Amino acid sequence: MSPAPVLVVGAGPVGLTAACQLARLGVAVRVVEELAEPTTESRAVGVHARSLEMLASLGVLPRLEARGRRIGALAMVDGASGRTRARMDLTGIAVATRHPYVLDVAQPDTEAVLAERAAELGIVVERGVALTGLHQDADGVDVTLRTGEGDQTARVAWVVGADGGHSTVRHLVGTRLEGGFHGQHFAMADLDADSPFPRDTISMFTHPDGMGIFFPLPGSRARIMFLVDAPGPDAGDPTLEQIQALADVRMGGQITVRNPRWMTYFEVHHAQVAQYRHGRVVLAGDAAHVHSPAAAQGMNTGIQDAANLAWKLALVVGGRADEGLIDSYDGERHPVGAAVVRNTTVLTDVGTGSGVQAAVRDAMLFLAGHLAALRDQGARQLSEVAVNYRDSALSVDRGGHHHGTVRAGEHAPDPAGVTPAIEDLLARPGFLVLASTATAGPLEEVLGDLGAVIRVVGEGAGEGRVVDPEGAIARTYGIGTDGFALVRPDGYLALVSDSADPAILRDYLVDVLGITEPARV
Ligand SMILES: Cc1cc2nc3c(=O)[nH]c(=O)nc-3n(C[C@H](O)[C@H](O)[C@H](O)COP(=O)(O)OP(=O)(O)OC[C@H]3O[C@@H](n4cnc5c(N)ncnc54)[C@H](O)[C@@H]3O)c2cc1C
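Treat the numbers as computed from the prediction; the structure is a model and nothing was measured.

### Considerations on the overall build of the protein
Helix and strand counts for the protein stand at 14 helices and 26 strands. Judged by the C-alpha coordinates and their principal axes, the protein covers about 70 × 60 × 40 Å. For the protein, the residues scored as buried account for 57% of the 521 residues in total. The contacts in the protein between residues at least 6 apart in sequence include a share of 69% that link residues at least 24 apart. Approximately 19,900 Å² of the protein is accessible, and the part contributed by carbon and sulfur atoms is 53%. Positive and negative side-chain charges in the protein, numbering 43 and 63 respectively, have mean positions lying 3 Å apart.

### Points about the sheet that holds strand β11 (residues 150–156)
With antiparallel pairing, 3 strands are arranged side by side in an open sheet as β9-β10-β11. Two strands in the sheet have a free side with no partner beyond their single neighbour: β9 (130–136) and β11. Strand-to-strand, the axes of this sheet are offset by a mean angle of 20°, without reference to chain direction. In this sheet, strand β10 (residues 141–147) lies alongside β9 in antiparallel orientation, the contact comprising 6 bridges. Among the inter-strand pairings, His135 is bridged to a residue of β10, identified as Asp142.

### Quick word on the pairing of strand β16 (residues 221–228)
The buried fraction of β16 is high, at 7 of 8 residues. Here 5 bridges tie strand β15 (residues 212–216) to β16, and the two strands are oriented antiparallel to one another. Bridge pairing links Ile213 to Met225 in β16. In sequence, β15 turns back onto β16 through a hairpin of 4 residues, with Gly219 there showing a positive phi of about 65°.

### Here's the deal with the site of the ligand
Glu33, Gln107, Leu131, Arg223 and Asp286 are the nearest of the 31 residues found near the ligand. Between an oxygen atom of the ligand and a side-chain N or O atom of Arg223, the distance comes to 2.8 Å. The fraction of the free accessible surface of the ligand (990 Å²) that becomes covered by protein chains is 89%. Secondary-structure elements contributing two or more residues to the shell around the ligand are α1 (13–24), β2 (29–33), β9, β16, β17 (256–272) and α7 (298–317). Considered class by class, the residues forming the shell around the ligand number 17 nonpolar, 8 polar and 6 charged.

### A few points about the sheet that holds strand β19 (residues 281–283)
In sheet architecture, strand pairing relies on hydrogen bonds along the backbone and comes in two forms, parallel and antiparallel. Read across the sheet, 6 strands follow the order β8-β2-β1-β12-β19-β18 without closing on themselves; strand pairing throughout is mixed. Among the strands making up the open sheet, the edge pair consists of β8 (125–127) and β18 (277–278). Here α7 sits on the sheet and contacts β1 (6–9), β12 (158–161) and β19; the angle it forms with β12, its principal contact strand, is near 170°.

### Side note on unusual backbone geometry
Geometrically, the link from Thr419 to Pro420 is a cis peptide bond, its omega value of -10° lying close to zero. Following the sequence through the fold, Pro420 ends up in the loop between β21 (396–398) and α11 (422–425). For Asn259, which is not a glycine, the phi torsion comes out positive at approximately 50°. Secondary-structure assignment places Asn259 in strand β17. Phi is positive for Glu384, which is not a glycine, with a value near 70°. Tracing the backbone shows Glu384 in the loop between α10 (372–383) and β21. Relative accessible area serves as the criterion here: at 2%, Glu384 is assigned to the buried category.

### Overview of the side chain of Gln297
Relative to the helices and strands, Gln297 is located in the loop between β20 (289–290) and α7. Accessibility expressed as a relative area gives 8% for Gln297, which makes it buried. Filtering out sequence-adjacent residues up to four positions away, Gln297 remains in contact with His48, His291, Val340, Thr344, Gln381, Leu382 and Glu384.

### What about the pattern of salt bridges?
Applying the stated criterion across every chain yields a total of 30 salt bridges. With its nearest N and O atoms 3.3 Å apart, the salt bridge here joins Arg428 to Glu463. Within this pair, whereas Arg428 is found in the loop between α11 and β22 (431–436), its partner Glu463 is found in the loop between β23 (451–457) and β24 (465–467), the two being separated by 35 residues in sequence. According to the relative accessible area criterion, Glu463 is exposed, its value standing at 71%. A single salt-bridge network, built from bridges that share partners, covers Asp190, Asp192, Asp194, Arg221, Arg258 and Arg261.

### A few points about the domain arrangement of the protein
What the domain assignment lists for the protein is domain 1 (6–68 + 105–178 + 271–350) and domain 2 (396–512). Put simply, the middle of domain 1 and the middle of domain 2, counted by C-alpha atoms, are 29 Å apart. A buried area of about 1,300 Å², summed over both sides, lies between domain 1 and domain 2, and 49% of it is on carbon and sulfur atoms. At the junction of domain 1 and domain 2, the tally comes to 2 salt bridges. Salt-bridge contacts for Arg320 lead to Asp449; the nearest nitrogen and oxygen are separated by 3.1 Å.

### Things to note about the packing of aromatic side chains
The full count for this structure, using the stated rule, is 5 aromatic pairs. A centroid spacing of 5.1 Å and a plane angle of 80° characterise the contact between Phe197 and Phe205, whose relative ring orientation is edge-to-face. Across this residue pair, the class does not change: Phe197 and Phe205 are buried. The interplanar angle of 80° and the centroid separation of 5.4 Å between the aromatic rings of Trp311 and Phe431 together place this pair among those described as edge-to-face. Residue Trp311 is located in helix α7, and its partner Phe431 is located in strand β22; the two are separated by 120 residues in the primary sequence. Like Phe431, Trp311 is buried. Over the face of the ring belonging to Trp158 we find Arg280, whose NZ or CZ atom lies 5.0 Å from the ring centre.

Cut-off values and rules
Residues numbered from 1 in each chain as written. Predicted model: local features only at pLDDT ≥ 70, side-chain atom pairs only at ≥ 80, totals over all residues. Heavy atoms only, no water. Helix = DSSP H or I, 4+ residues; strand = E, 2+ residues; numbered from the N terminus. Buried < 20%, exposed > 50% of the residue type's maximum accessible area, 1.4 Å probe, protein only. Contact = heavy atoms within 4.5 Å. Areas by Shrake-Rupley, 256 points an atom, 1.4 Å probe, with all protein chains shown as cover. Lys, Arg positive; Asp, Glu negative; His and termini not counted. Charge placed at Lys NZ, Arg CZ, Asp CG, Glu CD. Pairing = 2+ DSSP bridges. Axes fitted to C-alpha atoms, helices over the stretch in contact; angles between N-to-C directions. Near = heavy atom within 4 Å. Polar contact = N/O pair within 3.5 Å; in protein donor to acceptor, adjacent residues only side chain to side chain. Nonpolar A, V, L, I, M, F, W, Y, C, P; charged D, E, K, R; others polar. Salt bridge = Lys/Arg side-chain N within 4 Å of Asp/Glu carboxyl O. Domains from an automatic or database assignment. Buried area = accessible area lost by both parts, 1.4 Å probe. Phe/Tyr/Trp six-rings, centres within 6.5 Å; stacked < 30°, edge-to-face > 60°. Lys NZ or Arg CZ within 6 Å of the ring centre and 35° of its normal.

This is the structure in structure tokens:
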């Protein structure tokens, strides 16, 4: 058997997502993980709609849902009084996604489900194996791996550095995190909590001493965290009494904590690497960006890094596209990471402010809670369905289809009433073309084995068809009866055309993606 062309370093949520996506696209992957056993630390607990869609396409969502709790709203609560200042329900994003909620689930569960899927896809995570060295040339990367039996060397075509905030890969390619090293400290605990606050709501408590966040998990389990002063070198972990005292002061005196599973202090920085691609080595997830846990964007952003990268890498490794395509990974994901670093910093500061700053914040929260448009905009941002690559060279609008509600580069909406869901159609590996029955054939000829052309019909379910009785696809995608939409494997609109001319699809594949072996054109 020939060696795997891609080495994924790190079996956290980002490395596992990258590995699963690559394997699904037919790429042989090797995954190494320094830890001999999976972590039990429930770090990231909020999985947002955009990640849920990606996990649905991977076929793992029902398993993850079984381990988590659906959260339908976020509330901003005045920590001193316990009064809810604003509540943002997430129902407004139902026009774009099948998941108008956050799934609260402990990170070890997310990792376990992804590891199970990886095993089904034939991936053996090599545990207790750490990457310690790499050297690259124009054709590949030589890596050194430390194993229980001593050092090993291997040569691979590409390395994905998904090895977390203290990334060795990042260090070895000679780059570092840059940014405002705020050095904010959090006390956090995974425990059982008796609370009067709704258990289908993530509550963020504003307080001049520092914000607090309450994430309900299944049963009476919860993850709570507080922004605190630096704990000092000999502080050890926080005690249950300290967590209770923080909750008493900053969560309205209404929460009782017990039965701790994990309590720790951790420090966050707000920083990002200058670029994600270093030749044949690409960084993803915490290896590329670190920031405050406010709004639970970290793991979600990393999962989307992995999804963005995987299909591009699969085309390149498979010899179908030029390696220049990988530059678009940096071009598309770096600005998203930068925005996340910026916004989570602001959110953490805002949750902590006092005086005039707190008054302005509370007025804004009042408005956000009462104006549907503002609330829905907030929900779109939080759920990450608002993330888009409109400015990317890979996003092309052709013709006057702009009467649709989305443009190329945006998240491909998944309107209710369409069967199967777009996310289920994306469970097929590769691209998706949505077209009318009359125009599908020639597009199929052009797309070849790069994906599937799905016929949009009003009735009559069947293989290769999507039933859309209300015309929601034609309307939201703006393709009418004569156009087509090309959806990327990561669920973004690549090309929207108001004409079904197959040359438009061919030109896109060849000229924009740089497909070097045009698909049966
Ligand atoms: C204490 C704490 C609390 C957090 N709380 C939240 C939260 O509430 N919400 C939120 O969204 N995010 C939170 N985060 C961040 C979240 O956990 C990360 O964003 C997420 O884990 C990123 O996933 P990743 O796969 O990029 O990195 P990681 O999950 O860190 O995974 C990297 C993996 O690489 C392995 N590795 C490292 N070096 C090597 C090497 N040289 N060779 C092989 N393997 C290696 C590591 O062992 C690890 O398993 C928290 C993080 C911490 C530390």
